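# Structural overview
Listed below are the residues making up each chain.
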Amino acid sequence: MISTAEAPSMSVDREFTFTTRDFARVRTLIYDRAGISLHDGKQAMVYSRLSRRLRDTGYSSFESYLQWLEQSPNQPEWQEFVNCLTTNLTSFFREEHHFHMLTEWLKARGSKPTRIWCCAASTGEEPYSLAMTVAETLGLHAPVKILCSDIDTNVLTTASRGVYDASSRGLSPQRLRSHFLKGKGAHEGSIRIKPELARFIEFRPFNLMQASWQLGEPFDVVFCRNVMIYFDGPTQRKVLEHIHAVMKPGGMLYVGHSENFTESRDLFLLRGKTVYDRV
């Protein structure tokens, strides 16, 4: 621990005092709650995002706000704290080679019932990309269920609505016609996922740090892309062990372009570019 004298404000021009001690407390709290490791370069981001919570909750300092959280581990504000500090960067058919691989796998699998888990659903572009891939490969009545989860409840609300800007990246004109309804009047410029496509998907809040993973039958496919980059090594290993436990042998794990788990060969073996087989 450091004394107050050793914990100066990070900027004298800010609305709220934000000391190095405050930042250290935030780092500890978000790591314990969500497994996210914040490096020193995230100080400005933390201040910007959490200062909104101080305004909304009426606290005049980070010290009093963080003390309130620490003393009340089950209160709803914890969800807002986590929502503020998670990063959501996504688009339709991001890392497109994954969807080509999934298409070939689905063709080979045919009419067998299939469970897919998208464990970082964000605002929904990835889940609906999965659903479009299923519909285009096997049809709208395919026996496929897609569970889509995220720790951030705000982005899940957006995802479940299924409404996007008509100029969203990653959508071809053909897919816009096939899978979306175009907004009219006050909603012109917006698009909405068609209900028959949304029926593949179930949205659910889920924290990868929670001890119990009650997710139903084992999964054939898991998309866990650009999630592990926010975790340190021990946390990555723990999450991989949990994912391994909820997958079927031979199931496929899709990860982000900068993620590599070759040191966990006892759990997953590299099959192709950022795609692993569950051992």
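Residues numbered from 1 in each chain as written. Predicted model: local features only at pLDDT ≥ 70, side-chain atom pairs only at ≥ 80, totals over all residues. Heavy atoms only, no water.

Attention now moves to the overall build of the chain. Secondary structure summary: the chain contains ten helices and ten strands in total. A compact globule built from 279 residues would reach a C-alpha radius of gyration of about 19 Å, and the chain, at 21 Å, matches this within 12%. For the chain, the spread of C-alpha atoms along the principal axes amounts to about 65 × 55 × 30 Å. For the chain, the residues scored as buried account for 47% of the 279 residues in total. Counting only contacts in the chain whose residues sit at least 6 apart along the sequence, the fraction spanning at least 24 positions is 70%. About 13900 Å² of surface is accessible on the chain, with carbon and sulfur atoms providing 50% of the total. Across the chain, the mean location of the 34 positive side-chain charges is 7 Å away from that of the 31 negative side-chain charges. (Helix = DSSP H or I, 4+ residues; strand = E, 2+ residues; numbered from the N terminus. Rg over C-alpha atoms; globule rule 2.2 N^0.38 Å. Buried < 20%, exposed > 50% of the residue type's maximum accessible area, 1.4 Å probe, protein only. Contact = heavy atoms within 4.5 Å. Areas by Shrake-Rupley, 256 points an atom, 1.4 Å probe, with all protein chains shown as cover. Lys, Arg positive; Asp, Glu negative; His and termini not counted. Charge placed at Lys NZ, Arg CZ, Asp CG, Glu CD.)

With that settled, consider the sheet that holds strand 3 (residues 163-165). Taken together, three strands build an open sheet; the order of strands is 3-5-4 and the sheet is antiparallel. Strands at the two margins of the open sheet, each flanked by one partner only, are strand 3 and strand 4 (180-182). Ignoring strand direction, the axes of neighbouring strands in this sheet form an average angle of 35 degrees. Of the strand pairs in this sheet, strand 4 and strand 5 (residues 190-193) are connected by three bridges, and their pairing is antiparallel. Its bridge partner lying in strand 5, K182 is registered against I191. (Pairing = 2+ DSSP bridges. Axes fitted to C-alpha atoms, helices over the stretch in contact; angles between N-to-C directions.)

Below, the discussion takes up helix 7 (residues 153-161). Note that an α-helix has 3.6 residues per turn; residues three or four places apart therefore point the same way. Turning to helix 7, its buried residues are V155, L156 and A159. Mapping the buried residues of helix 7 onto a view down its axis gives an arc of 100 degrees, with all of them on the same face. Lining the buried residues of helix 7 we find helix 6 (125-138), strand 2 (144-150), strand 3 and strand 6 (201-205). (Arc of directions from axis to C-beta.)

The next point concerns the state of the cysteines. Counting across every chain of the model gives zero disulfides. Summary of cysteine pairing: C148 is not part of a disulfide, and the nearest cysteine sulfur, belonging to C118, is at 4.7 Å. Looking at the unpaired C224, the closest cysteine sulfur is the one in C119, lying at 3.3 Å. (Disulfide = S-S within 2.5 Å.)

Taking 1.5 Å per residue, 15 residues should reach 21 Å; helix 1 (residues 20-34) reaches 21 Å between its end C-alpha atoms and fits that length. Along helix 1, the residues that are buried comprise D22, F23, R25, V26, L29, I30 and A34. Axial view of helix 1: buried residues confined to an arc of 160 degrees, hence all on one face. Just beyond helix 1, the residue with positive phi is G35, at close to 75 degrees. (Expected span 1.5 Å × (residues − 1).)

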